[in-house]
Amino acid sequence: MAIEQVELAQLFDSNIYLISGDRTVLVDAGIGFQADDTIGFLKKMLNRRKLDVLVLTHRHYDHVGGANAIIKEFHPSKVYAGKYDSKPLKEGDRASTLGERFGGPLDPMDITELNDGDVIDIGAHRLRVIWTPGHTIGSISLYDEITGALFTGDTAFVGGVGRWDHPTGSPEQLIDSLKKLNALKINGFYPGHGPSVPEGGNEHIINGLRMMGVKI
């Protein structure tokens, strides 16, 4: 399995990861204000391969604003989001997704809901869906059961955790989610913003718990 990060130009863009196995999976879509650039990078990274799946880790606009442009260009077979964040994406709800705050449009999307424990099979690797509410009620993380790579969305970062003061956020749920993630053996750590690291991912989850006042 190969993991590549799309080069981004916008200050508020989320990280976008392309996972390539027997099938290809894109994790998040960025804010979309320079969608042509993002699409250009993706074309080079895909190198004529099909984009099979797009997964949105949560509803916020900096992660989903570019989704419709990517869908229109690459026609992925499935567009996924967590069960509890799917409705505002299906409805194009700019308020709940913070589209109004960022000042961007959001057309409704055809979303397939993901539940805790679902698996996205990309051939030699299996991405397990972990429901990790706290930043939003429907936030999900993706865990590669073979390599131990973890994609956290905005649940945890290198040196921080996701904020919980937007609608549906909860510090109590965020702590529970971090504890759930720390029960995994995490190698590569791929957050929704900031740097990623190739190994030692549990260290960053533990640091997040300590920041939340949990004694480890």
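Residues numbered from 1 in each chain as written. Predicted model: local features only at pLDDT ≥ 70, side-chain atom pairs only at ≥ 80, totals over all residues. Heavy atoms only, no water.

A. View of the packing of helix α1 (residues 35-46) against helix α3 (residues 67-74). For the pair α1 and α3, interaxial distance at closest approach is 10 Å and the crossing angle is 45°. Here α1 lies oblique to α3, going by the angle between them. Judged by the twist between their axes, the crossing of α1 over α3 is right-handed. Touching A35, T38, I39, L42, K43 and L46 of α1 are A69, I70, E73 and F74, all from α3. The class makeup of the residues in the contact of α1 with α3 is seven nonpolar, one polar and two charged. (Axes fitted to C-alpha atoms, helices over the stretch in contact; angles between N-to-C directions. Helix = DSSP H or I, 4+ residues; strand = E, 2+ residues; numbered from the N terminus. Parallel < 35°, antiparallel > 145°, perpendicular 65-115°, else oblique. Left-handed = near helix turned anticlockwise from the far one by under 90°. Contact = heavy atoms within 4.5 Å. Nonpolar A, V, L, I, M, F, W, Y, C, P; charged D, E, K, R; others polar.)

B. Structural detail: the packing of helix α6 (residues 171-182) against helix α7 (residues 202-211). The N-to-C vectors of α6 and α7 enclose an angle of 155°; their axes lie 9 Å apart at closest approach. Considered as vectors, α6 and α7 are oriented roughly antiparallel to each other. For α6 against α7, the interelement crossing comes out left-handed. Within the contact between the two elements, α6 uses I175, L178, K179, L181 and N182 and α7 uses N202, I205, I206, G208 and L209.

C. Quick look at the pattern of salt bridges. Throughout the structure, instances matching the rule amount to six salt bridges. The partner of K43 in a salt bridge is E73, with the nearest N and O atoms 3.1 Å apart. Placement of K43 in helix α1 and of E73 in helix α3 is noted, with a sequence separation of 30 residues between them. Here K90 ties to E113 by a salt bridge, and the two come within 3.1 Å at their closest N and O atoms. (Salt bridge = Lys/Arg side-chain N within 4 Å of Asp/Glu carboxyl O.)

D. The packing of aromatic side chains, seen in detail. This structure, assessed with the given rule, holds seven aromatic pairs. Judged by centre distance (5.8 Å) and plane angle (65°), the ring pair of F12 and F102 falls under edge-to-face. Of the two residues, F12 is situated in the loop between β1 (2-5) and β2 (17-20) and F102 in helix α5 (residues 99-102); the sequence distance between them amounts to 90 residues. Accessibility expressed as a relative area gives 24% for F102, which makes it partly exposed. Here Y84 and W131 contribute two aromatic rings whose centre-to-centre distance is 5.3 Å and whose plane-to-plane angle is 40°, an arrangement assigned as tilted. In this pair, Y84 sits in the loop between β5 (78-82) and α4 (86-91) while W131 sits in strand β8 (residues 126-131), placing the two residues 47 residues apart along the sequence. Taken together, the ring pairs connect F12, F33, Y61 and F102 into an aromatic cluster. (Phe/Tyr/Trp six-rings, centres within 6.5 Å; stacked < 30°, edge-to-face > 60°. Buried < 20%, exposed > 50% of the residue type's maximum accessible area, 1.4 Å probe, protein only.)

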